[in-house]
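Observations on the model geometry
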Amino acid sequence: MRADRASRDESTTEPVWTTALRALVHVAAAAAFVGPTATVSGTVASSVGALAGVLVARKLASGPLRLPIVLALAATGLALAAGLHGVLSDAAWLARLTGPALALRIAEASLLLPATTAVCAALRVSSARVPVVGVIETVALVGATSSLLAAHRGGAIHRPFAIADPIRTAGGDPTFAIVLIGAIAVALSVLALVTEQRAGRALLHLGAIGALLASIVGTTRLLGPPSPPPSGEGLGLRGQGRESDAREGSDADREREQEDLAFRDEYRNEGAQAPVAVVLFHDEYEPPSGIYYFRQGAFSEYNGVRLVRTSRADVDQDVASGFPVRPYELRAAPASGAWRAQVRTTVGLLADHLRPFGLEAPVRLEPARNPDPRRFERVYRVHSAALLADATALLDAPAGSSDWSDAIRRYYLEGPADPRYRELAERIVREKLPASLRDRPFARAVAITSYLSEHGTYSLRSRHAGAPDPTAHFLFGDLTGYCVHFAHAAVFLMRSLGIPARVATGYAVAEEVRAGGSAVLLRGRDSHAWPEVHFEGAGWVVLDVQPRTALDGGAAPPDPELQRMLADLLRDERPLPPDPTWPAIARRLRRSAGGIARATTAAVALALVAMALVKAWRRLAPHWCAPASRPRLVYRAALDALSDVGWRRARGETREAFAQRLATQLPALVALTRVHLAAAFGSRVAPNDPRTLWRALRAQLRAAVPWWRRWLGTLLPWTFLRTR
Amino acid sequence: MTEPSPPLAHDAQPVEALLQAARDVAERLQRRLQAAIVGRDAVIELVVVALLADGHVLLEDYPGSGKTTLARVLGESIEPEPGSSVAPFRRIQFTPDLVPSDITGTTVLDLATHALVFRRGPLFAHVVLADEINRTSPKVQSALLEAMAEKQVTVDEQTHALDELFHVIATQNPLDVAGTYPLPSPQLDRFLFKIVMEPIGREDELRVVSRYPATSLELAAGLGRVRRAELLQARATLREHVVVAPVIRESLVDLVRALRADARLLRGPSTRALVVALPALAARALLHGRDFVAPEDVVALARPLLAHRLEPATADADLGAIVGEHVARAAEGLARHSLRP
């Protein structure tokens, strides 16, 4: 009860501006919370309700009603509002009276207005009475505001539409506006929270807020648009916040990449929904497998446990090693021809990547203009030789290449010495293939992948990493793992049969994700590793394993709106027709700008001249005024002279105190003030002549202030406005 | 600018001379007090202002802060008129067992004449130190307060007038309140000033100590004293010749009304506060060599004048700060007014 009373007293003295600030925060939060689901009139009703709630709370907080009663009243208000809403929604007479549209609005407002009033008032009164609830109030307000922006998460810069669309139409970046809204909401809430408490508590809160801000400042990028949420490093595809312009990946990068392709028991996929890149197709291409593979790296060297990035210079030369600074061709890229068709694509990276990737088999990389450097980390163009041939065409192709030396062929066949691989591979070939196909490399490879697809289980959680040979542990164990396991198993099985194979990494996206558009959006979750086999004439061909059973649920395809919008950004096109309002206003402004500028200049000049005249008059008036008003006018002229050099009486300070303050530099001011006050407050004693004091004061002023400061002050016509 | 002042019955000196004489009285008092008491110039000024303005003073202080010295030196600065039976200084230590006649005096039977004669109590003095006034019963308090308000005492239905120059300096200890009878606020209203004495600084305390072996009273003794008639003349002078401009009066009324309207206060200052404020302001103006009351006087006196007449709405309200807030507003208004034609 005592605490109750104490806080009540505290709220009695709440300044008006604090209430105004609170009202602002509550109104904004109510509008943000209700806005997306209500009509405009409903939003207005809830804003009015919030304002009313804050005002009611201001009265109630210092009133005699106890908190439980106030809360009970608020609950009753809510119930009554719900009841009224129910009655009005079903009321046929209302609809007949006002027409259905207005009736709907009235019914909506009848719920929203009293409900927001009750909720805001309850929150405010509780937090005014019980200081701890201030935190809850703040959380509620921030929560309401962030509910508006929640659709924006996961890098969806086009959400919420109501905010993003108008800004995009006007040519702006919605991310800025959304971040700004969030920042304003946080700042206002923080202000409200700080003003809520007494000085001691406010200090504590300020400390906590300071720590919070420091952590935010320390962990976020403050300049430029916020980067998309972290999407992890995928399979070592992306470097986090690192530039690697080097054509040759540095050792550290290579180290990391190998590290990341390692077998992990739990493959964490944070931020998997965040977009990492957009790929624009300039040529129509439908992959025979129904999946677009974007290769970034290849792993072909057997290091005794798994496959790692090659240390040789003469293999895997079709893998791009660095981002293009000028156009360059990849060595050992497959020729387009009967097997492959040229497909041109433009890649816009939204997250930093260690190396460029390109559709299936990149042939040529070209740098491209970045249409929006704030949005895209890097943009480049890729010419790929994409595979057209299907299984029938490849069936007869021999594995490997006739250009390869024996060393290279051996290199691509290296694998674990474990005999079980070969036994299993041969069993698979025996069981899966008819005798006529058993000697065809393509058929044998497909048999292996289809065996793995049938028997394997996809899961991001597995228990193989600890084993000496994780691939064997996976393959001869529970066959449960993710793409790295499957790719390794497939490659080792193929190599044991003498088929040159490797693991490639990059992104894999189903064709239907394109949804008829000319772009695909790659997200963090699309990173993938798959086996590839080399065939004479066709080059490296993707032979992926697609496990039938998956323990992890599938994910929704990317938002087609976002995909289209990012593609348009990459094409440097506006997705929405430009709004003619803004240019029209701008044009009109431009046309009238000259007139406005001239009028403004004239007005400013006139004002300056007028001020200069007034100032001169005030300075000269003591010379010809009536003796009765001379003390006042001399004193005013003296004050103007002090204002010129920036000395000015503080508000609430008496004239005597002001003179005392300057007494060491300007002793004459004390006497002059006395003369002025004597005249102003009715002294009957004959005064000294203020003009001699004024002369003395000027001499003292000259001694105390440098000449340029005095001249500057004299020349500025507005200084007398500061005189009080 | 000089207007002829209305002729005074007992004196026809020019106004400047009268003002100078009054100022001289105040300065002599101040000088004696300053010689005896170190580091309390502000308190001394207020006490002298109160004496000139014919108002009583309540000192709130801790034991040993020099209040007795202050009162004694003030009393002894007044030269008694030859043949007067009024003592310059009396001290009354208030205790719970005191009865009103202990301070007012009592009627006794004179055995020689067989007549009832009135034996005067300690109130028959120029300066009375009422020490720890909150320790005595309300009965004694009200006897003192009647004497303060009416300048007379009533004993056995006989009214005895006190001297025209009757000045009470009452003290109370703000901390040690156990077993006390706090003065009710209507009675506080009868004091012109309540002065809160702050502890003095180290330098001043050193100066106090370094004066040993001379005592305060000895140090003050050599300086010129003030005759009772001079003091009364000074009071008359400031009533007659120190100007309180209408705008200052207006500002005072507005200040008091604003305090009454303040939600943080249960009770604002009385109208009496306004009435007694005028001579106090005039006395301060005189002390500062002016024949007019300036805004500075309002600012300087507002707190001792008004703070004890307020009743706060909450226990922890800072009355001084509240008064300061309103006074700053009044001072701003006065400062602005002075530049207007």
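In what follows, the structure referred to is the one given above.
Okay, so let's go over this structure. (Residues numbered from 1 in each chain as written. Chains lettered and ligands numbered in written order. Predicted model: local features only at pLDDT ≥ 70, side-chain atom pairs only at ≥ 80, totals over all residues. Heavy atoms only, no water.)

All names here are of chain B. With 6 bridges connecting them, strand β4 (residues 105-110) and strand β5 (residues 115-120) associate as antiparallel partners. By the bridge assignment for β5, V108 is matched with V117. The hairpin turn running from β4 into β5, its antiparallel successor, is 4 residues long, and H114 in that turn takes a positive phi close to 55 degrees. (Pairing = 2+ DSSP bridges. Helix = DSSP H or I, 4+ residues; strand = E, 2+ residues; numbered from the N terminus.)

Here the focus is the pairing of strand β6 (residues 125-131) of chain B. Residues and elements named next belong to chain B. Of all 7 residues in β6, 7 are buried; the element is thus mostly enclosed. Bridging between strand β3 (residues 87-93) and β6 involves 6 bridges; their strand directions are parallel. Bridge pairing in β6 places A87 opposite A125. As paired strands, β6 and strand β9 (residues 167-172) are joined by 4 bridges and run parallel to one another. (Buried < 20%, exposed > 50% of the residue type's maximum accessible area, 1.4 Å probe, protein only.)

This part covers the sheet that holds strand β13 (residues 519-523) of chain A. Residue and element names in this part refer to chain A. An order of β5-β8-β9-β6-β1-β13 is seen for the 6 strands of this open sheet, with the pairing classed as antiparallel. With one partner strand each, in any of the chains shown, β5 (328-329) and β13 form the two edges of the open sheet. As defined by bridge partners, strand β1 (residues 275-281) adjoins strand β6 (residues 340-349) across 5 bridges and the pair is classed as antiparallel. What sits directly across from F281, in β6, is T345. Each of β1, β6, β9 (378-387) and β13 touches helix α18 (residues 560-570); the most contacted strand, β1, lies at about 70 degrees to it. (Contact = heavy atoms within 4.5 Å. Axes fitted to C-alpha atoms, helices over the stretch in contact; angles between N-to-C directions.)

What follows concerns unusual backbone geometry. Here L479 of chain A, not a glycine, exhibits a phi torsion of approximately 55 degrees, which is positive. Overall, L479 of chain A belongs to the buried group, its relative accessible area being 7%. For E132 of chain B, which is not glycine, the phi torsion reads 50 degrees and is therefore positive. Its relative accessible area of 21% is what places E132 of chain B among the partly exposed residues.

Once that is clear, we can look at the pattern of salt bridges. Here the structure, examined in full by the defined rule, presents 47 salt bridges over all chains. In this structure, D24 of chain B and R28 of chain B form a salt bridge, with 2.9 Å as the shortest nitrogen-oxygen distance. Of this pair, D24 of chain B and R28 of chain B both sit in helix α1 (residues 15-36), 4 residues apart, roughly one helical turn. What makes R28 of chain B buried here is its relative accessible area of 15%. A salt bridge links E325 of chain B to R264 of chain B; the shortest N-O distance between them is 2.7 Å. Of this pair, E325 of chain B sits in helix α13 (residues 319-339) while R264 of chain B sits in the loop between α10 (246-261) and β12 (265-267), and the two are 61 residues apart along the sequence. Overlapping salt bridges, with partners in common, bring together R295, D316, D318, R502 and E532 of chain A in one network. (Salt bridge = Lys/Arg side-chain N within 4 Å of Asp/Glu carboxyl O.)

Purely geometric numbers; function is a separate question.
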